[in-house]
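Results of the structural survey
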Amino acid sequence: MGGNVQAARIIKKVPPVYPEEARAARISGTVRLHVIIDTDGRIKQMEVVSGHPLLQHAALDAVRQWQYQPTLLNGNPVEVDTTIDIIFTLNNPPSPNP
């Protein structure tokens, strides 16, 4: 993509809640989501690319609430197609990694 592109900047990030069932089973790992951010900076579409099934719902619930500053191309808002990794670790709270 050519032109003057301003990168997406997150303005509201909601951390995922570690599922109790996953914590009890000592399950950790990364959930990778394919996300489309609309021209207003809201999550328009999401799908799970990979990750443990017990962690997927928590990742989707959190990212669904995220909001970005609109991404601009030559001064005009555009949709963004990206991936987001949500990392769940048992020793620490889950960490979103856009």
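See the structure printed just above.
Residues numbered from 1 in each chain as written. Predicted model: local features only at pLDDT ≥ 70, side-chain atom pairs only at ≥ 80, totals over all residues. Heavy atoms only, no water.

Turning our eyes to something else, we now look at the overall build of the chain. What the chain contains, in helices and strands, is 2 helices and 9 strands. Traced from its N-terminal end to its C-terminal end, the chain shows the element sequence β-β-α-β-β-α-β-β-β-β-β. Scored against the burial criterion, the 98 residues of the chain give a buried share of 33%. Considering only residue pairs separated by 6 or more positions, the chain has 69% of its internal contacts joining residues 24 or more positions apart. Total accessible area on the chain stands at roughly 5,900 Å², and carbon and sulfur atoms take up 48% of it. (Helix = DSSP H or I, 4+ residues; strand = E, 2+ residues; numbered from the N terminus. Buried < 20%, exposed > 50% of the residue type's maximum accessible area, 1.4 Å probe, protein only. Contact = heavy atoms within 4.5 Å. Areas by Shrake-Rupley, 256 points an atom, 1.4 Å probe, with all protein chains shown as cover.)

Turning our attention to the nonpolar core. Formed by 22 residues in total, the largest nonpolar core has its most connected members in Val-63, Trp-66 and Phe-88. Within the residue set of this core, elements represented by two or more residues are strand S3 (29-37), helix H2 (53-63) and strand S8 (80-88). Broken down by element, the residue count for this core peaks at 6 residues, all from H2. (Core = buried A, V, L, I, M, F, W, Y, C linked by side-chain atoms within 4.5 Å.)

Mapped onto the secondary structure, Asp-85 falls in strand S8. Overall, the relative accessible area of 16% leaves Asp-85 in the buried class. Of the polar contacts made by the side chain of Asp-85, one reaches the side chain of Arg-32; its length is 2.6 Å. (Polar contact = N/O pair within 3.5 Å; in protein donor to acceptor, adjacent residues only side chain to side chain.)

On to the packing of aromatic side chains. The way to describe two aromatic rings as a pair is by their centre distance and the angle between their planes. By the definition in use, this model includes 1 aromatic pair. Relative to Phe-88, the ring of Tyr-18 has its centre 5.4 Å away and its plane inclined at 90°; by these criteria the two rings are edge-to-face. Highlighted residues: Tyr-18 in the loop between strand S2 (9-12) and helix H1 (20-24) and Phe-88 in strand S8, separated in sequence by 70 residues. We note that Tyr-18, like Phe-88, is buried. Between the NZ or CZ atom of Lys-13 and the centre of the ring of Trp-66, over which it lies, the distance is 5.6 Å. (Phe/Tyr/Trp six-rings, centres within 6.5 Å; stacked < 30°, edge-to-face > 60°. Lys NZ or Arg CZ within 6 Å of the ring centre and 35° of its normal.)

Tracing the backbone shows Val-48 in strand S4 (residues 43-50). Put simply, Val-48 and Ile-84 are 36 residues apart on the chain and 9.7 Å apart in space, counted from C-alpha to C-alpha. Non-local contacts of Val-48, meaning those with residues more than four positions away in its chain, are made with Val-31, Arg-32, Leu-33, Gln-56 and Leu-60.

Nothing here speaks to function; it is all geometry.
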